[in-house]
Structures are given as C-alpha cells and as structure tokens.
Amino acid sequence: EPVLKLATLEGGTVTWELDTITHYGLDTAAGFTLEVMPVAGKSASSVALQAGEVDAIVTDWLWVARMRAEGEDYRFIPYSKSVGGLVVRPEAGLSTLADLKGKKIGIAGGPLDKSWLILQAWAQKEAGFDLAAETEQVFGAPPLIMEAALSGEVDAAINFWHFQAKMEAAGMTTLLSVAEAASDLGLDPETPLLGYVLRGDFVDQNPDLTAALAGASRAAKDKLATDEAAFDRLRPIMRAKSDAQFEALKAGYRAGIPSAAAVDLEAADRMLGLMVELGGAKLMGPARTVPPGTFLSY
Amino acid sequence: MPQIDAPGVPRPVALVSVLLLLGLWWAIAAWLGDPRHAPGPDLVLPRLWEGVVTGTMLPDLGATLGRVVIAFAIAMGIGTALGLLLGVMPALDRWLDPWLTIALNIPALVTIVLCYLWIGLNETAAIAAVAINKIPMVAVMLREGARARDPALGDLARLHQMPALARLRHILLPQLAPHLSAAARAGIALIWKIVLVVEFLGRSNGIGFRIHLDFQMFDIAGVLAHALAFVAIMLAVEWLLLAPLARRANRWRQP
Amino acid sequence: MPQIDAPGVPRPVALVSVLLLLGLWWAIAAWLGDPRHAPGPDLVLPRLWEGVVTGTMLPDLGATLGRVVIAFAIAMGIGTALGLLLGVMPALDRWLDPWLTIALNIPALVTIVLCYLWIGLNETAAIAAVAINKIPMVAVMLREGARARDPALGDLARLHQMPALARLRHILLPQLAPHLSAAARAGIALIWKIVLVVEFLGRSNGIGFRIHLDFQMFDIAGVLAHALAFVAIMLAVEWLLLAPLARRANRWRQP
Amino acid sequence: MISLDLRSKAHGRTQVLGPMRIEVAPGEVLGISGPSGIGKSTLLRIVAGLDTRFDGRLDAPAERAMVFQSPTLLPWRSVLDNITIPTQCRPEAARAMLARVGLAGHEAAWPGQLSLGQARRVALARAFVGTPRMLLMDEPFSSLDADRISDLLTLTQDLIAQHRPAVILASHSAAELDALATRRAHLSGRPAHLDYLETRLRAGS
Amino acid sequence: MISLDLRSKAHGRTQVLGPMRIEVAPGEVLGISGPSGIGKSTLLRIVAGLDTRFDGRLDAPAERAMVFQSPTLLPWRSVLDNITIPTQCRPEAARAMLARVGLAGHEAAWPGQLSLGQARRVALARAFVGTPRMLLMDEPFSSLDADRISDLLTLTQDLIAQHRPAVILASHSAAELDALATRRAHLSGRPAHLDYLETRLRAGS
Ligand SMILES: Nc1ncnc2c1ncn2[C@@H]1O[C@H](COP(=O)(O)OP(=O)(O)OP(=O)(O)O)[C@@H](O)[C@H]1O
Ligand SMILES: Nc1ncnc2c1ncn2[C@@H]1O[C@H](COP(=O)(O)OP(=O)(O)OP(=O)(O)O)[C@@H](O)[C@H]1O
Ligand SMILES: [Mg+2]
Ligand SMILES: [Mg+2]
C-alpha cells in the first residue's frame, strides 16, 4: 500500500480535513495511506517539503507559480478558496476603507501578504487613495495581530480566515472581505488560493497516488460540507473557545470549499498579473503568467 | 563574623526564593487582572501539574531534554577545545578569528534551515544545527579565558615537561573554571532556546513544538506551562549538578 | 624567536583569512551544484552589493543596527552591574541565584510575545524584549568573573579605603576584562540573533524582517545576502572596536 | 596608637594565635620575629583591619599603610599609577619616592616587567609615600641586596622620625630588627604566644 | 653539564644581559650575586630553557629542577599534589620531602592556606624530590628564619653530594653563597656582565 507523507500545522485548518480522511478511512478507500507529519508553523512545512522529508504540504499557488518560473517543479491541487479580510471593532466607528486614513492597521504576514496587496489595489481603484501611504502598518505574527486588534492597539486588522472567524466571534466586524475586493477588481473569487503542493517528480512517478489524494480530499470536503456530526467530531482539535467560534470556523471552512471543476486559468492569470503589478519581482520572482502545469485537476 | 559560604546555593534559601518569585508573579497577575495576557501561577501551574501527572507533557519534555543534552555535550566539547587552541596559539587565532566572528554572527535561522536542507529533516540535523550555533560562543568565551592564563604556571609545566593531558587537567582547565562555568550556564540556556527554534522549524515533538502551537492558539498559559516545565528541569540541574560542581571546583578559594 | 603579538587581529591576515573562507564557500557550493539550496558567493555577493549600492538594504540595516546597539548598551550595563553585585555579595547571590536561573531559561519567544502584549507592538517593546533576554546571560558571565577575583587586591583596596568607584575602575573591572570581552562578543552576536526573532514577530522593517520574507519565498541567496550584510558590520565592529579595545586592555600582559 | 587585645584567632578549625596584648605608641617600632608559619602575617592582617574574624578587641588608627609580604601590585596599572591610585598622592610625590627606592625611570613600566625585588620596592614606595599614623611591615626588605637594604633602612628611620607612625615590623632578619625596632617580641608555640624581649629606648620614643 | 654562551638578552628594546659564558659541571654549584633588578632571574630562566628569546647558545640537560623566586604553586591542588603532579614522583617520596622541609601534616592543605614561607618550602620540596641533572635556585631561602635556613642548607648540600646535579644558585645572602657555592660570580652593569670571583675547591667537585 503506497504511503503519502504530508506536513501541516498541527491543529491548523488543514488537519480538520486530514483527520476526517484518516478517521473515515478515505485514504485507504482510495488505495493509499496518509501519513501526517505535524509541524509548528508554515515555515516548518516548507522546510519539510524542500528537504524532501514529505511529499506534500499546503500552501498557495502563487508560490508554486514563482517556483516553477524559477525552474523548480512543484504542482498544485486546489484545497481552499478561503481568504481573510479586514476587520474592525464596531465601537471604532469605521464604516469604509477611507475611514482608515491616519489609522493603524495590523497585518498578519508581511508587506507582501496577498490580502494586503489586494486591499491596497482595491483602495486605489475603488476609493482612489493610497492605503499604504495614508495608514500606519504594523506587521506581526497572526496571533499577535489578533490580540492587538482585540485590545484596540490597532484600529483594523488583516488576518487569515480562521483568525478572522475568531475575531468575528469575539464581536469584531468585517469591513471588507478580500473575496469581495478581489471580485470588485475583476478577479474570480472562485480561484482557490490554497492547495496541496507536491513535487513534480513525485507526481510524475506516482500519478495514481496523486489522484488518490485529490479524491480523498474531495470526499472529505463533501462529508464536512453536509455532515454536522463529522464536524462535531472535530471540535476538540479545532480548539474553539465558544459555540460562536465553532460556528464561525465551520462556516468559514465550508465557504472555502472550491468547486470540483478545473481551475480557470484565465482568472488565475489575472490574479497573478495583479500580484506582479503590486508585489513585483519581490513577490513573484520571474513569474509573469501562470507557468503551464501549475494546476493539477482531477 | 560569620563564615562566608562557598559558592553554590544551599537548598532552603533557594526554595524560599523560588516561592517568593511565585508570590510576586501571583501578585502582579492579580493586580493586572488580565488572565488571557498575563495568567498568574494559579492558571499556569495546574496546567503544568496536569501535563506532568497525566504524562502528556513527558514525551515532549524527554525529546527536548535529549536534544539539549546531546547538543550541549557536543558544543561544549568542540567549543572548549577550539577556544583553548585559539587562546593558546595566537598564530592560529590570527587566522581563524575572522571565521569565528562570522560563525558567531550567522543567524540561527540560517544554520537551522541549511542543516535541515542538507542533512535532512531528522534528529541529526536538529542536533547539528544547535551545536553549530553554540560552538562559536563557547569558543569565544574559553578563548578569552585561555588568553588570560597565568604564564608562571605555564613555565612550571614546561620546566617539568608535563605531558599535554596533565597540563590540560591540572594547569589549564582549573584556570578556566570560571569561564567554563559561565559557558556551561549561559550555554545550556542558549542551547535550549535554539532547540526551541529547531523544533519549531522541523520537528514534530518537543517543548518548542508545543510552545509554538500554543502560541498559534494564543494560549499564553499553555506557553508558560511548557516553558516552566523546562525551567524547572534547569533549576534542578543547577542545584543538583552545576552548583555542586562549582562548589567542588572552588573548594581551594579563600573562605 | 619571533615576538608574540598582542591579541587582536592585524588587518592583512584577517582579510586574507576572509577571502580564504569565501573561496572555501565557493568551492563547496560549486561542488554541491545546487544553487537554490546552497548558493555560492557568486550568487549571494551580487545581491548584497546591489542592496548596499542601490541603498535598498540600508534602511533595514540601519533599523536593525539601531536596535542592536541600544539593546546591547542596556543589556551590558544592567547585566554587568547585576553580575558584579551577585559575584561580590554571596548573601544576595544566594537569594537571587534561582531567579537568575529562571530568567536565563525563559525562552526568547515567551519574553518577546509578552513584551509585545504588555508594552505594545512598538520599538520600546522590541528593545525591552531583547535586553531582557540578554541581561541574565551577561550577569551569569560577569558573576563568575567577580567570584574568581584576587582577594589580595581587595585587601589592598580596603587597606587604603579606596572609594567604590576607584575600586570598580582599577581593581574589579581590569580583573573582569576577559569576562567582559567574552560577554561583549558573545553578547552582541546573541542580541542580533534575538533582534532577528523580534523583528520577525512584530516589526515592519529590519534585516530580520527581510530574512523572513526571503525565507517565505525560499530565497536562500536573499537570506544569506541579508545575513552577510550584518555579519560584515560585525566584522568591522570586531576589527575597528573590539580588537583595539581588547589590545588596550591587555597591554600589560607579558609579551 | 595601636592597641590590640587578642583572645584567640583561628584559621578554620586550627587555632593559630593565642591570647596576647599589643600596644604600640606613635613613633614606636615593635619588631616581631618568629619561625615561618607561626602567625606573623596573620597578626599583622588583624592589626591592619583586613581580617576581622578574630576573637578580641582592636583599636587602631584609620590612616594606615602596609607593606604586604608579597608585592600586591595592580598588574594592569603602571608603576606610577600603582602608587598614586591607592594612596591618592600627587604624581610628583610618587615619582620622588620611586627615585628614593632606586626605581627612577621605571614609572611607566608594567609591574610584570619588574624583577621581584623591584616590585617589592614599588610596594615599599607605596607604603612610604603617605603620612600614615600606623605602618605595618611584613618582611619588607626580602629579595634585596645588602647595600639596598641598608639604604632603605635609613629611609625608613627618617620617615618614622618625621611622621611618627606607630609601626609593627615582622622580620626574620636580626639586622633589620636591630636597626629599626624600639621594642622586640617573639612569636612561638601553637597556638602562638607573644614574648616581649629586652626593650631599648631610642631617641624620640 | 650546563654550558651557556650568551651574546645578548633583551627585554623588549632594553638590553639586560651582555655577552657572558657559563659552564657548570655536575656536582658544581655556581653562586651568582648581584643587585636587585640586574638580571639574575632572567639569566636563570634562560638556562632553564623557559626563555628562548635570547641571542646565543645553550646546552643543558633536560632533567631539570628549579626553585622559582616566587613559590609558583597550583592553588587548586593540595600541597601533596603540587609535588607529585609536576614531578610525577611517588606520594611517599613527596611526603618524606615535605617532612624534611618542616611541612609534615600540611599535605592536604591548599596552597592558599599556607604562609609565604611555607609555600616557598613546598616549592623547595618540589625541586628537591627528583634526581635532576641540573638544579636552578633563585633566592630559594628568602622568607625563612635562620634556624630553618641552616637546616635547609644542610639538606641541599646532602642532595647535591648524593645526586651531583649541576647547580646555579642566585642569592643576595653571603651566608647561603658561602655555604653552597663552589664557584662564585657577580652580575653588574647595564647590560649586565658576569665577573667570576675567587674559586674554592670543595670535596667532590
Ligand atoms: N618581561 C619583562 N619586560 C621588560 N623588562 C623586564 C621583564 N622582566 C624583567 N625585566 C627587566 O629586566 C631586568 C632584570 O630582571 P630580573 O628579574 O632578571 O632581575 P633580578 O636580578 O632577578 O632581580 P631581583 O633580585 O630583584 O629578583 C630588570 O631591570 C627588569 O626591569
Ligand atoms: N587561609 C588560611 N587557612 C588556613 N590556615 C591558614 C590560612 N592562612 C594561614 N594559615 C596558617 O596559619 C599559620 C600562620 O600563617 P602566617 O601566614 O601568619 O605565618 P607567618 O608567620 O607569616 O609565616 P611566614 O614567615 O612563612 O610568612 C600557618 O601555619 C598557616 O598554615
Ligand atoms: Mg608571613
Ligand atoms: Mg630575580
């Protein structure tokens, strides 16, 4: 029985799906064994993939595009289209992006964070101002940004979707979701940003195994989309602090399930084009269009 | 007048002192009244206790401790040898000093990632990364000690043509005892801090792994409980091993 | 027989030695032939050169350097004072030793996160976090030195009722010079490593911030270029500041 | 005026000195002899106030100078600084005293560049440069040649006559004791006891 | 057999010793006197092979022992270990020699617990415990009382007669030189030159 090794953040959103796969035997049903290597952060999973310790990790396809453009063969299987958003405390009295002028925004990740770039582009196009120039930014680790937003140290925060869900559960409101901003900019919100990323040679040598992973993932998604019991089972590893948080996380996950159809290459190209425009070579390296073979579809 | 005690911490004072610190912590936490950001010992210690009693913390503690011990042994051994060599041979030092400065200032992240990439994501790479991070620091500390050694004792050794090992054991190392002691204490702390990063970047167990997970969940009490588990071990090592060793090494000093 | 030189690195040898290291690096990189994971100097140095010449690297370098310098000054000052006090007053040491051991072993991540939470995501918190991480290490190193001081010189000071400041300057600090020198070298390296983590967790500029961005893109050459920019500064500090200082402090030693 | 009423002094668990009384008036020189290891240095350190872990009472002036049995110089300070820093005397005074002990021209040397006898003379100059009310000398003239010793004995006599400190001199040398001591005592036994020998009167005492 | 043909020895830029020839046969004792700071210790360190930065030729046996001018003990080793470790002699031999210099019962003490005279005697015992073919003594008997010195002089004479090393003794004390030296020389001048004084023949040399 072939084994597929996958590194992911222990207790992160990806484990919900992976745990469902292994618990219900979806991997063995597809003819392989899924082996999960828990790691403590995103950097760790990327080290694990580069060091050849695991066959797959979960990350965004823009990274894959950049790596392919640089000559590194990685492939992408869609996993989620969830993106974060910009959240504010209701009592701060902010109702549009323009109200943020002169305020402090906390941003998880860095200045090349995709959500932050898209919101900047939106502000430029829809509201006609330079978000980066007119606000003060604080970059930091996602949990620190969440705390800074909750405590009011920053006036608004851009965070990953599950942190956003927790922040909403704690009473904050979303001023502008990245999905909305993206569609206003002419991007397709159905383009899945996150996915399973595998090394190309592995895919070529194990086409069946790769397909089996895609299948198992889809089966788990289908189960989680409808089966409340399957999600209730996951509640302990989700570490939801309240029912509200649990519901928010559940809704966020379901909303992020991408369609089974193949990724719209044109839409992806548009997104990459915007990223090149906003982030330049620092973000995208030599990639200017989606390199062929980036997306796998089953 | 009272006899001045030999260095090293007699247990009762140390225990009272630790309790005092706990009290202080509790008082500050109670005064701040923000258990999410500043949990007091009443929130943290039960977590620690539970982790130890139910045994959930023990595998991680064991894994981390194992890495710390092995990396410490390697780093102290090589670092001491290198530091002695450089301190005793100025000609060699002139050549290797820039290398040492560079090695000293290579960020831990770089060594760790490169070790994982080249050696693989395994225990060897993890320990190598920690040792490589620590060796230059030990070497720098011991080199200063070796440079400051008493030349008269070296003359004595030369006069009697003492063998290298005897010189090391009876002449050089006793003079370096304060530097060794400082290097050991600072070193074990530093190693444990690097092990945390190493575990974060590429291991699936250990206290560092847990601390980062707790941090992702913003579970400050959990972070502190895991950190304290190791701190407690370090206190035990200090009292049961380092302090008696230091006492022994310092027996000859004027009372 | 040749005169043995005073410690400190004369420039020509040091330069040749650095070039040698570069050559070694180049040879290994060429032999591995894996420019993505093991980029040679031919890939890294142009990046460094470009960053410096076009000036894109300078603001980050400046920000990091500023943090390192301020945190270093604070940590060395407080750490030295604390270490001296503990080394000279065994009664105080008996009480504070466990606190020091605990402080020494609190992981950097914990201090950094707590500082950011309590002080805010700002420069003060960043520098406080670094200083708090470093102070116990300096204190431990200086305490060992202070414990090992020569009692006869203390007698001399007492006999002549030398004022405290004169004792510190003429009797205590010169005896501690090797420990201070080790603490400064190891310390500045450690501080810069912690600054990297601090910048990673909550600052929006600095070399550490850039290194982590490069690392996210898995741009090892970029990581190395940024790391080397700082290493180069440290080499300059070593040659222009620390080595001459050490030479001065060691003038009195037998040639 | 030095006044020591010692009941006992122990190093660890071995009692070194037994009961003894010492009174030295200004201008007086008490010469103490006794075999090696008997307790001379221990006694002098007690009188100097450097060792307070003894059983008894000490009454001694605070303006004190001492010639330790070992030179005890700061290796990282020049010969001149070794005199000016502890005593806080003016550099000219230190220079003059260095010349007086035969070390003119060595002001800038490091102590490590001196011969043992030269180092001992720096220590002598350091003790002699001030105007102490109590002067303790622990074998001050060892490692020196006879000519130099007789020269330094004259210097010491002059200084004592001039500033009139209370002096205790520990020495093995009968010549030194004869030249300087106004009163003599001998340490012997274990624990050591102090026996006063014949007292000679000198001009000015 | 010690044979030194020295052309010059400088410390830094100052020349300390000028041209001189020294030949000492087994059983012979060359006594060297000279004022403090003239270069006696420098000369002895050259002969001992401890200072090789001189201009000239040295031919000396490798089995050497030296009494340094300062005791030079390992403070972190017991008195007994201070003898057995450098010389690698048997503990019984060390014990016997310690008793011989009057330190029976101090075997377990730390050097820091000794008086200076006691420490110097440990250093003497260390030099005397082996059977060296060359013995260098730099003011070996300072800080000791007359009785002790005469006792140690006898010991030294016995050891020399027994093992017949080539000996150089630097000392300020005419009594010591008279008792031990078979030949005498005096150092003077800057750079110092060596003048041989009257030669007396002793039994066995
Ligand atoms: N390391 C050194 N650097 C420079 N000068 C030195 C050094 N060592 C000794 N000297 C000088 O060399 C000369 C001879 O010193 P040496 O120790 O040989 O004298 P000595 O005859 O043994 O005197 P003493 O009887 O006082 O021991 C002295 O003037 C001293 O200042
Ligand atoms: N710190 C110490 N601990 C234990 N014993 C000590 C200590 N210092 C000195 N002694 C012992 O006390 C005794 C007296 O020592 P002291 O130095 O006073 O002798 P001394 O008369 O000055 O001898 P010397 O003429 O050799 O200098 C010695 O037997 C010595 O062994
Ligand atoms: Mg004495
Ligand atoms: Mg000499």
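Computed from a predicted model, the values in this text were never measured in an experiment.

**Some thoughts on helix α6 (residues 123-147) of chain B**
All names here are of chain B.
Stage number 1. If you check α6, its first and last C-alpha atoms are 36 Å apart, about what 25 residues at 1.5 Å a residue would give, namely 36 Å.
Stage number 2. Its axis deflected by about 30 degrees at Lys134, α6 carries its strongest bend there, up to four residues before the proline Pro136.
Stage number 3. Most of α6 sits out of view: 21 of its 25 residues are buried.

**With respect to the sheet that holds strand β3 (residues 56-60) of chain A**
All names here are of chain A.
Stage number 1. As summarised here, the arrangement of the 5 strands in space is β2-β1-β3-β10-β4, forming an open sheet in which the pairing is mixed. With one partner strand each, in any of the chains shown, β2 (33-39) and β4 (74-80) form the two edges of the open sheet. The average angle at which neighbouring strand axes cross in this sheet is 35 degrees, direction not considered.
Stage number 2. As defined by bridge partners, β3 adjoins strand β10 (residues 194-199) across 5 bridges and the pair is classed as antiparallel. Pairing of Asp60 across the sheet is with Leu194, part of β10.

**Quick notes on the side chain of D:Glu176**
Residues and elements named next belong to chain D.
Stage number 1. As for its position among the elements, Glu176 is in helix α6 (residues 174-180).
Stage number 2. Within the structure, the side chain of Glu176 is placed 2.9 Å from the side chain of Ser171, a separation counted as a polar contact.
Stage number 3. The contacts of Glu176, once residues within four sequence positions are left out, are Pro140, Phe141, Ile149, Leu153, Leu169 and Ser171.

**What to know about the interface of chain E and chain D**
A common way to report how large an interface is uses the accessible area buried once the components associate.
Stage number 1. Taken residue by residue, the interface counts 15 residues in chain E and 15 residues in chain D.
Stage number 2. For the pair chain E and chain D, the summed buried area comes to about 1,300 Å², and 45% of that belongs to carbon and sulfur atoms.
Stage number 3. Summed over the three residues of chain E that lose the most area to chain D, namely E:Ser36, E:Leu116 and E:Asp145, the buried surface amounts to 34% of that side.
Stage number 4. Counting the contacts that link chain E with chain D gives 0 salt bridges.
Stage number 5. A class-by-class count of the residues in the side of chain E that touches chain D yields 3 nonpolar, 9 polar and 3 charged.

**What to know about the site of ligand 2**
Stage number 1. The immediate surroundings of ligand 2 are formed by 20 residues, with D:Gly37, D:Ser41, D:Thr42, D:Gln69 and E:Ser115 found nearest.
Stage number 2. Ligand 2 is flanked by residues contributed from chains B, D and E.
Stage number 3. Within the backbone of D:Lys40, a nitrogen or oxygen atom sits 2.7 Å from an oxygen atom of ligand 2.
Stage number 4. E:Gln118 is positioned with one of its side-chain polar atoms (N or O) 3.0 Å from an oxygen atom of ligand 2.
Stage number 5. In isolation ligand 2 offers 640 Å² of accessible surface; the protein chains occlude 90% of this area.

**Brief notes about the relation of the copies chain B and chain C**
Stage number 1. Mapping chain B onto chain C leaves a residual RMSD of 0.1 Å; the transformation is a rotation of 180 degrees accompanied by 0.0 Å of translation along its axis. In symmetry terms, the pair is related by a two-fold rotation axis. The rotation axis passes nearest to the C-alpha of B:His179 in chain B, at a distance of 3.7 Å.
Stage number 2. A high fraction, 100%, of the interface residues of chain B reappear at the interface in chain C, so the copies pair face to face through one surface.

Calculation rules
Residues numbered from 1 in each chain as written. Chains lettered and ligands numbered in written order. Predicted model: local features only at pLDDT ≥ 70, side-chain atom pairs only at ≥ 80, totals over all residues. Heavy atoms only, no water. Helix = DSSP H or I, 4+ residues; strand = E, 2+ residues; numbered from the N terminus. Expected span 1.5 Å × (residues − 1). Bend = angle between axes of the 7 residues up to and from the residue. Buried < 20%, exposed > 50% of the residue type's maximum accessible area, 1.4 Å probe, protein only. Pairing = 2+ DSSP bridges. Axes fitted to C-alpha atoms, helices over the stretch in contact; angles between N-to-C directions. Polar contact = N/O pair within 3.5 Å; in protein donor to acceptor, adjacent residues only side chain to side chain. Contact = heavy atoms within 4.5 Å. Buried area = accessible area lost by both parts, 1.4 Å probe. Salt bridge = Lys/Arg side-chain N within 4 Å of Asp/Glu carboxyl O. Nonpolar A, V, L, I, M, F, W, Y, C, P; charged D, E, K, R; others polar. Near = heavy atom within 4 Å. Areas by Shrake-Rupley, 256 points an atom, 1.4 Å probe, with all protein chains shown as cover. Least-squares fit on C-alpha atoms with pLDDT ≥ 70 in both.

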